[in-house]
Amino acid sequence: MQVEIELSATLETPFSIGTGAMADSVADKPLVKDAAGRPFIPGSSLKGQVRHKCERIIRALVVPWPGRWRCEAPYPDRMCRGPDLCPICRIFGSPWHPAPITFNNLTLTTIVEEPPRDWEQLRSVRATDIRLGVGINRSRNVTAEELLYSTETYVPPLALIYRGRIWGTLEERREVALLLAGLRSVVALGGGRSRGLGWWRLEIAVKLDGQPVSVYELLQELDQWSS
Ligand SMILES: [Zn+2]
């Protein structure tokens, strides 16, 4: 069955999603940005968070968790090789099984469909903030060795939201239900969630085989995992 999920995200607090790689920024943890310097939300980063939520949900639903699947992401050696894939690898893939679902990047768009004539006019579109934080080095056996680091954060100006798309093919409706439940459990995005970064409000629209389907109705079908 063809699955299309459209996402519209409004950031309520600044977010921080880094590349890990050095970017053109003074911060230790710079944001990922497109060629024009606009921060975006990498699909891979959202996918990782949703997968983690789905793992917790499915283990709560399928009681007792059958010994049939011994899948322990993110360790490739301990993940499903198939053909009998666990529900999570069926949706998100494993190192031996390509994911049937793709998470596109979420990019900035205006709330009205019409883009601004000139992005340069919206100067604040590219204005990010640098925050200083204190980290604790847990790898050393020192009670609290403090490290000062800087994180680049961003909150879009009013009238701009993030839009993105999750799409692909799934076998069963209850897999779509699980994916949606995981997606809705992601209440904050990226790094620094415990410090209040990345809180977002997400609107979700779903089409199955081209037909709009209510998210609420699909979520009822989560029950089918417990029967
Ligand atoms: Zn698995």
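Each chain has its residues counted from 1, following the order in which its sequence is written. Confidence filtering applies because this is a predicted model: local features only for residues at pLDDT of at least 70, side-chain atom pairs given and counted only at 80 or more, and all residues used for totals across whole chains, interfaces and linings.

> Looking at this model, I keep getting lost on the nonpolar core. Mind explaining?
Within soluble globular proteins, side chains that are nonpolar tend to cluster in buried spots. In this usage, the nonpolar core is the set of buried Ala, Val, Leu, Ile, Met, Phe, Trp, Tyr and Cys residues whose C-beta atoms join them within 7 Å. Residues are called buried when their C-beta atom has 20 or more other C-beta atoms within 10 Å, exposed when it has 12 or fewer, and partly exposed otherwise; all C-beta atoms are positioned from the backbone. Counting residues in hydrophobic clusters, the biggest one holds 41 residues, and the most contacted among them are Cys54, Ile88, Ile91, Leu178, Leu179 and Leu180. Starting at the N terminus, helices and strands are each numbered in turn, a helix being any DSSP run of H or I of at least four residues and a strand any DSSP run of E of at least two. Looking at this core, the elements with two or more residues in it are strand S1 (2–11), helix H1 (43–61), helix H2 (87–92), strand S2 (101–103), strand S6 (160–169) and helix H3 (173–185). By the criterion used throughout, residues are in contact when their C-beta atoms, derived from the backbone, lie within 7 Å. When residues no more than four places from it in sequence are discounted, the contact partners of Ile88 are Arg51, Cys54, Glu55, Ile58 and Cys71.

> Before we go on, may I ask you to explain H1 in this structure?
Since the α-helix advances by 3.6 residues per turn, residues separated by three or four positions end up pointing in the same direction. For a helix, the expected span equals 1.5 Å multiplied by the number of residues minus one. The first and last C-alpha atoms of H1 sit 26 Å apart over 19 residues, in line with the 27 Å expected at 1.5 Å per residue. Packing partners of the buried residues in H1 comprise H2, S2 and H3.

> Looking at this structure, I do not really get the confidence of the model for the protein chain. What am I missing?
Parts of the model with low pLDDT should not have their predicted coordinates read in detail. Per-residue confidence for the protein chain gives a mean pLDDT of 84; residues scoring 70 or more make up 83%. Per-residue pLDDT, averaged within each element of the protein chain, yields its smallest value for strand S4 (residues 129–136) (74) and its largest for strand S8 (residues 211–213) (98). pLDDT runs from 0 to 100 and stands for how confident the predictor is about each residue.

> Explain the packing of H1 against H3 to me, please; I cannot follow it from the model alone.
In a packed pair of helices, the relevant descriptors are the angle between the two axes and the axis-to-axis distance. In contact at an axis separation of 8 Å, H1 and H3 are set at 115 degrees when each is read in the N-to-C sense. In this structure, H1 crosses over H3, and the sense of that crossing is right-handed. Of the residues in H3, those in contact with Val50, Lys53, Cys54, Ile57 and Ile58 of H1 are Leu178, Leu179, Ala181, Gly182, Leu183 and Ser185. For the contact of H1 with H3, the per-class residue count stands at eight nonpolar, two polar and one charged. Whenever a helix is involved, its axis is fitted only over the stretch in contact; in every case the axis is a line through C-alpha atoms, and angles between N-to-C directions fall within 0 to 180 degrees. In this scheme the crossing of two helices becomes right-handed for a clockwise turn of the near helix relative to the far one and left-handed for an anticlockwise turn of less than a right angle. Residue type decides the class: Asp, Glu, Lys and Arg count as charged, Ala, Val, Leu, Ile, Met, Phe, Trp, Tyr, Cys and Pro as nonpolar, and the leftover types, Gly among them, as polar.

> How should I be thinking about the environment of Pro42 in this particular structure?
Secondary-structure assignment places Pro42 in the loop between S1 and H1. C-alpha separation for the pair Pro42 and Gly164, spaced 122 residues apart in sequence, amounts to 9.6 Å. Every residue in contact with Pro42, bar those within four places of it in the chain, is listed here: Ile17, Val32 and Asn105.

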